[in-house]
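# Structural characterization, general
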Amino acid sequence: MRTRFALAALAFATPAPTVAQSAPAAVHAGVTYDTRHHRVTVVIGPYDVAPTGSSMEMPGMDMSMDDMGAMAQTFVWPEQGWFYGFHTELIDAGDQPMPRWLMHHFTLLNFDRRTLFDPYVERLASARYNGEDVVAPKTIGAPLAAGTRLGLYMMWFNDKPDTVRGVFVRLTLYYMPRNMQPAPISALPVVMDVALIPGQPEMYDVPPGQHERSRIFRFPISGHLVGAGGHLHEQGAYVRLEDSVSGKVLIDLRPVLNARGEMTGLTRKILAMNGPGLRILANHPYRLVAAYNNTSRDTLHEAMGEMMGIFAPDEFSQWPAVDYADRAFLTDLATYGIHAIPDSLTAAAQAMRAKAGRNR
Ligand SMILES: [Cu+2]
């Protein structure tokens, strides 16, 4: 199934060999490193984005969204630093804006680190077509070493009848240098999902009425949560993190509604405003609760319940290491269409580490 849809995705967004150019092309695909301004810019394209139909957003489809995308670019990180934000632009060859909704979502993978709770490849950053760019305050950042191997996974979306031609994506990644003073807190995103099953879409059914689903999480290492956001679908009521022993509610995120009463997202919490953040103890049971209040008469399909935290471990060196032979890690990589990390990427990483060592 996954292979079939991965092939289908290639038909949806094909790299265009030639683009009709009336003006000289200002935009070129590739990765550029600006170590003076501490930026990495990744440009992919040009793509011709064929109509994908709107059906992929409809409930009841038996495919995961992730089956419709493709790995667009692998690259290596230039130097030791703290990644703290990104900016995405959809542009044409002349650097003019293109419709942002063409990008359904992107995910930036870090092949050299795993997620905290599961032996999966790290999702360093991601954004949806309607999502904002994310720039954290310069007091926290995700540490990255020179030569870290990264991959940009892209999924397109075009619900209009015509192919949109000559689309480039420019992703700018911002970082703080290793000599940054004061040194930022090293923290990484952690995703807690009430329904995550390896290799499966994180979705479930909600019958009419009040509905709660929960899952216990144990952090393998101690630290602090310095920020939190959440994700629910329509009719969602709240996402909470509780101390499972005392029952105390530690974080409570509620829907944010627009003037029409539609959910635009959940409240976000900065937890490290007046201190180090919410204390998290290793191996202590914390309960994530996702609640819905389904006021319709029908079962809601494809519901989700997630909390995204920014976690600062006490000892960053204790972060669990990647096991490249772990079947779960390989299965997770395969959902992004990757069956082996390319040797060329590993060679580029070695070259970048050597270069960074000479520049010190
Ligand atoms: Cu969702």
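Residues numbered from 1 in each chain as written. Predicted model: local features only at pLDDT ≥ 70, side-chain atom pairs only at ≥ 80, totals over all residues.

Moving on, we get to the overall build of the protein. Looking only at helices and strands, the protein has 3 helices and 24 strands in total. In the protein, buried positions account for 34% of the 360 residues. Partitioning the intrachain contacts of the protein with sequence separation of at least 6 by distance along the chain shows that 81% fall at a separation of at least 24. (Helix = DSSP H or I, 4+ residues; strand = E, 2+ residues; numbered from the N terminus. Buried ≥ 20, exposed ≤ 12 C-beta atoms within 10 Å, placed from the backbone. Contact = placed C-beta atoms within 7 Å.)

Here Arg-254 lies in the loop between β17 (249–253) and β18 (255–257). Its 15 C-beta neighbours within 10 Å are what place Arg-254 among the partly exposed residues. Taking the C-alpha atoms as reference points, Arg-254 and His-231, 23 residues apart in sequence, are found 9.6 Å from one another. The residues touching Arg-254, leaving out its near neighbours within four places in the chain, are Tyr-238, Leu-266 and Thr-267.

Right, let's get into unusual backbone geometry. Following Gly-45, the chain continues into Pro-46 via a peptide bond in cis, with omega recorded as 0°. Position of Pro-46 relative to the elements: it lies in strand β3 (residues 39–49). Backbone torsion omega between Gln-181 and Pro-182 reads -10°, so that peptide bond is classified as cis. Structurally, Pro-182 is set in the loop between β10 (164–177) and β11 (185–186). Residues other than glycine seldom take positive phi values, yet Asp-95 does so here, at roughly 70°.

The next point concerns the pairing of strand β6 (residues 103–114). By the criterion of burial, β6 is predominantly enclosed, with 9 of the 12 residues buried. Sheet analysis places β6 next to strand β9 (residues 149–156), joined by 7 bridges and oriented antiparallel. Across the sheet, residue Thr-107 finds its bridge partner in β9, namely Tyr-153. Strand direction decides the pairing type here: β6 and strand β7 (residues 121–128), joined by 7 bridges, are antiparallel. Its bridge partner being in β7, Arg-114 is matched across the sheet by Val-121. A loop of 6 residues connects β6 with β7, the two strands running antiparallel in sequence. (Pairing = 2+ DSSP bridges.)

Across the protein, pLDDT averages 86, with 86% of residues at or above 70. When the criterion is pLDDT under 50, residues 1–12 qualifies, and its contacts beyond four places in sequence or with other chains add up to 18 contacts. Within the model, the stretch residues 55–67 combines pLDDT values under 50 with 13 contacts to residues more than four positions away or in other chains. (pLDDT = per-residue confidence, 0-100.)

So, on to the pairing of strand β15 (residues 223–232). Counting buried positions along β15 yields 8 of 10 residues, so the element is predominantly enclosed. The sheet contact formed by β15 and strand β21 (residues 278–280) spans 3 bridges and is antiparallel. Residue pairing for β21: Gly-223 is matched across the bridge by Ile-280. The pairing of β15 with strand β24 (residues 305–313) spans 9 bridges and is antiparallel. Considered in β24, the bridge of Ala-228 is made with Gly-309. Across 2 bridges, β15 lies against strand β20 (residues 269–270) in antiparallel orientation. Looking at the pairing, Gly-227 lines up with Ile-270 of β20.

Turning to the nonpolar core, a few remarks are in order. Core analysis: the biggest nonpolar cluster contains 75 residues, and Phe-83, Leu-102, Leu-152, Met-154, Ala-187, Val-226 and Met-307 have the highest contact counts within it. In terms of residue count, β10 provides more of this core than any other element does, 7 residues in total. When residues of this core are assigned to domains, at least three fall in each of domain 1 (30–185) and domain 2 (188–318). Ignoring anything within four residues of it in the chain, the contact list for Met-307 reads Met-192, Ala-228, Gly-230, Val-239, Leu-241, Leu-253 and Leu-288. (Core = buried A, V, L, I, M, F, W, Y, C linked by C-beta atoms within 7 Å. Domains from an automatic or database assignment.)

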